[in-house]
Amino acid sequence: DIDASDSGGAVKHPVRAQTFRLPGGRRLLVGTDILERRRLASRLQTAMLWGVGLSVALATLIGVGYSRRVRRRVAVIADTCRRIMNGDLAERLPVDASHDEFDELAIAVNQMLSRIHQQTEILQTTFDSAAHDLRAPLYRARVRIEETLQHEDLNDASRETMEATLAELDRVQRTLGTLLQIAQADGRGREVATEDVDVAALAREMVELYQPEAGAREIALDFIGSDGAQLRGNRQLLAQAIVNLLENALKYVPAGGRVSVEVEKSDRRVMLIVADNGPGIPAEDRERILQPFVRLERDRSQVGSGLGLSLVAAVMRLHNGKVTLSDNEPGLRVTCEFPLEKS
């Protein structure tokens, strides 16, 4: 550094210098003032830091804004998908004027939903028409068989055949009725009558109704819980779901067994639990058994159509609830969880 006059005062200036040896023993000193160069480097460094900082801040603001926008779009799409899964197939994903990737995806999904909705409506209409059209001929066939059975001159072989046919007709009518109930519960956007239902009182009523049958089978049937577990739902379908659970339990629990029906209520949910100490259901089959017409190989000899638990699952879907099958150690424990609407 050297002292130099700068702006009327002495200022140290950084200097870069080099000496050269000359003939005669003399030396030559050559130097340059690098103060301005250092000032320029300092300014460039400061400008670079400011530029990087502002770029990072701007990128952060843009990223946060875009992230919030994406989250809002995803939340709207997820909410729409939940409504569609709950049965409102007329719902469609929102499309705005941005024409971005979300709009392209929403348009494609909406086209798919429209096709599915159309096919579902056709299938539902066909099923309903077929089911209702079958009721009349089945009823007429039943009446004719019952009238024929009243004839005293009917031989024993014919009577036995007609009684077996009548039993099969009863089975077909029950299966058809259950299918119609499943279709009603799975409504797919249809209006289903609802009211305030006390699940505990309804379950207690169904238990009292089936206690004579349980006693005849030497099975203990108990109810645990207190009234006041109310929720908004369809009373008829809820009653049918409880009946199906009770009939399944009484069908498979051996004499001397036990079946309990329990209702619990909290601020957020109502729990209906039907537990028994029968043979239970293997863990790998518990999800599959909730599908229509699915039966375990060991139960093929039992009378039934494999629709009991599938109706329970459909009723739970209608009420935005869920049904869970678990091990009762021993036996089966069926837990139906109904969420309560927030007031």
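First, a word on what this report is: a plain description of the structure on this page.

Rules used in this analysis
Residues numbered from 1 in each chain as written. Predicted model: local features only at pLDDT ≥ 70, side-chain atom pairs only at ≥ 80, totals over all residues. Heavy atoms only, no water. Pairing = 2+ DSSP bridges. Helix = DSSP H or I, 4+ residues; strand = E, 2+ residues; numbered from the N terminus. Buried < 20%, exposed > 50% of the residue type's maximum accessible area, 1.4 Å probe, protein only. Polar contact = N/O pair within 3.5 Å; in protein donor to acceptor, adjacent residues only side chain to side chain. Contact = heavy atoms within 4.5 Å. Axes fitted to C-alpha atoms, helices over the stretch in contact; angles between N-to-C directions. Left-handed = near helix turned anticlockwise from the far one by under 90°. Nonpolar A, V, L, I, M, F, W, Y, C, P; charged D, E, K, R; others polar.

### A closer look at the pairing of strand β11 (residues 332-339)
Item 1. Here strand β9 (residues 269-276) runs beside β11; their pairing, made up of 7 bridges, is antiparallel. When the bridges of β11 are listed, arginine 269 appears paired with proline 339.
Item 2. With 6 bridges joining them, strand β10 (residues 322-327) and β11 adopt antiparallel strand pairing. Paired with threonine 324 across the two strands is threonine 335, which belongs to β11.
Item 3. Linking two consecutive strands that pair antiparallel, namely β10 and β11, is a turn of 4 residues; a positive phi of about 50 degrees is found at glutamate 329 within it.

### Points about the side chain of asparagine 244
Item 1. As for its position among the elements, asparagine 244 is in helix α5 (residues 235-252).
Item 2. A relative accessible area of 7% places asparagine 244 in the buried class.
Item 3. At 3.2 Å, the side chain of asparagine 244 and the backbone oxygen of glycine 308 are in polar contact.
Item 4. With near-sequence residues (within four places) excluded, asparagine 244 lies in contact with Leu307, Gly308, Leu311 and Val312.

### Some points on the packing of helix α4 (residues 199-216) against α5
Item 1. Running from amino to carboxyl end, α4 crosses α5 at an angle of 35 degrees, the nearest separation of the two axes being 10 Å. In the crossing of α4 with α5, the sense of the turn from one axis to the other is right-handed. Here Leu202, Ala203, Glu205, Met206, Val207, Tyr210, Glu213 and Ala214 of α4 lie close against α5, whose contacting residues are Arg235, Leu238, Ala239, Ile242, Val243, Leu246, Glu247 and Leu250.
Item 2. Grouping the amino acids of the contact of α4 with α5 by side-chain chemistry returns 12 nonpolar, no polar and 4 charged.

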